[in-house]
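Structural overview
What follows is each chain in one-letter form.
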Amino acid sequence: MRVALLEDEPALAAAMQTVVQAAGHATHVFTNGLALTTGLRQESFDLLLLDWNVPGLSGFEILAWAHAQLSPCPPIIMITSHADEADIVRALDAGADDYIIKPAAPGVLSARIAAMLRRAYPTMANTASVEVLHGASFDHGHDSVRIGSTETSLTAREFALALALFRNLDRPLSRNHLLETVWGRNPDLETRTLETHISRLRVKLGLRPENGYRLLPVYSFGYRLERIEPRGETIS
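Residues numbered from 1 in each chain as written. Predicted model: local features only at pLDDT ≥ 70, side-chain atom pairs only at ≥ 80, totals over all residues. Heavy atoms only, no water.

1. Quick notes on unusual backbone geometry
With an omega of 0°, the peptide bond between Ser71 and Pro72 qualifies as cis. Here Pro72 lies in the loop between helix 3 (59-69) and strand 4 (76-80). Residue Pro103 is reached from Lys102 by a cis peptide bond, and omega for that bond is 0°. Inspection of the secondary structure puts Pro103 in the loop between strand 5 (98-101) and helix 5 (106-120). Positive phi values are uncommon outside glycine, yet Ser220 reaches one of about 60°. Tracing the backbone through its elements, the reader meets Ser220 in the loop between strand 11 (213-218) and strand 12 (222-227). (Helix = DSSP H or I, 4+ residues; strand = E, 2+ residues; numbered from the N terminus.)

2. Focus: the sheet that holds strand 1 (residues 2-6)
Ordered in space as 2-1-3-4-5, the 5 strands form an open sheet in which the pairing is parallel. Either end of the sheet is taken by a strand with one partner, and the two such strands are strand 2 (26-30) and strand 5. This sheet shows a mean twist of 20° between the axes of neighbouring strands, independent of strand direction. In terms of strand pairing, strand 4 meets strand 5 through 4 bridges, oriented parallel. Bridging across to strand 5, Thr80 finds its partner in Ile101. (Pairing = 2+ DSSP bridges. Axes fitted to C-alpha atoms, helices over the stretch in contact; angles between N-to-C directions.)

3. Describing the sheet that holds strand 7 (residues 136-139)
Across the sheet, 4 strands lie side by side as 6-7-8-9; this open sheet has antiparallel pairing. Both edges of this open sheet fall to strand 6 (130-133) and strand 9 (150-153), since each of them pairs with a single strand only. Strand-to-strand twist in this sheet, taken as the mean axis angle between neighbours without regard to direction, amounts to 20°. With 4 bridges joining them, strand 7 and strand 8 (residues 144-147) adopt antiparallel strand pairing. Across the sheet, Ser137 pairs through a bridge with Arg146, a residue of strand 8. Set on the sheet, helix 6 (residues 156-167) makes contact with strand 6, strand 7 and strand 8; between it and strand 7 the angle comes to about 140°. (Contact = heavy atoms within 4.5 Å.)

4. Things to note about helix 3
Among the residues of helix 3, those classed as buried are Gly59, Phe60, Ile62, Leu63, Trp65 and Ala66. The secondary structure elements touched by the buried residues of helix 3 are strand 1, helix 2 (33-42), strand 3 (47-50), strand 4 and helix 4 (85-93). (Buried < 20%, exposed > 50% of the residue type's maximum accessible area, 1.4 Å probe, protein only.)

5. So, the packing of aromatic side chains
All chains considered together, the criterion is met by 5 aromatic pairs. With centroids separated by 5.6 Å and ring planes inclined at 75°, the aromatic side chains of Phe138 and Phe159 adopt a geometry described as edge-to-face. Placement of the pair is Phe138 in strand 7 and Phe159 in helix 6, with a sequence separation of 21 residues. One aromatic cluster is present, formed by Phe138, Phe159, Phe166 and Tyr213 through successive ring pairs. Against the face of Phe45 rests Arg2, its NZ or CZ located 4.8 Å from the ring centre. Above the ring of Phe60, the side-chain terminus of Arg90 is found at 4.0 Å from the ring centroid. (Phe/Tyr/Trp six-rings, centres within 6.5 Å; stacked < 30°, edge-to-face > 60°. Lys NZ or Arg CZ within 6 Å of the ring centre and 35° of its normal.)

6. What about the pairing of strand 11?
In this sheet, strand 12 lies alongside strand 11 in antiparallel orientation, the contact comprising 6 bridges. Bridge pairing in strand 12 places Leu216 opposite Arg224. Hairpin connection, strand 11 to strand 12: the antiparallel pair is bridged by 3 residues, and Ser220 has positive phi, about 60°.

7. Let's talk about the pattern of salt bridges
Under the criterion given, the structure shown has 13 salt bridges. As a salt-bridge pair, Glu180 and Arg2 come within 2.9 Å of each other at their nearest N and O atoms. Of this pair, Glu180 sits in helix 7 (residues 175-183) while Arg2 sits in strand 1, and the two are 178 residues apart along the sequence. Arg167 serves as the salt-bridge partner of Glu131, at 3.0 Å between the closest nitrogen and oxygen. Taken together, the positions of Glu131 in strand 6 and Arg167 in helix 6 put the pair 36 residues apart, joining distant regions of the chain. What emerges from the salt-bridge pattern is a single network uniting Arg2, Glu43 and Glu180. (Salt bridge = Lys/Arg side-chain N within 4 Å of Asp/Glu carboxyl O.)

This is the structure in structure tokens:
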């Protein structure tokens, strides 16, 4: 998963980043609320961890902004020293999915994040050898995908990329999100690597409208996979 952490105290940010990364998630730290809104316009994240009192926009203001501006809005956990019942209720009523009072024990923080991600992304917690997503069957043991009666073998990278797209159907994913998901943090890749793999998937899996799918570039952002009817009407 890709996590955005808003925390302006360096020691706390480093400690929380260590916990989140130890759980296997890429963590991007922001120390200013305005910087985070800029990042959210340019990138896609699976989870937001927000402190309340930070420079620029506060965590509470980011909470309202995210629900108004991001579609879909990723799950949001407030991690703050605000311990008053009124503040907790206010944040939950405004759309926070969970509320953690600082300081949080590392084990508790890790467990709460894991529980939130399981609820928000149930398909990504799938441990079955075959995972069925939106008309496609992913065989994790053989890196193959079956759509209709056609089974296609993919490379490990192609399989991971296809899985990320199908798990996030209709959701725009940024280039960096896809690169981190498939190649890891700070990959040393040629400029057109992602585009080349996207093109291969279109051909190998037949991701075309006549086959019920559309894989689109999102200008200056990334890519989005859509499920459509052959006539071009979006499936409800």
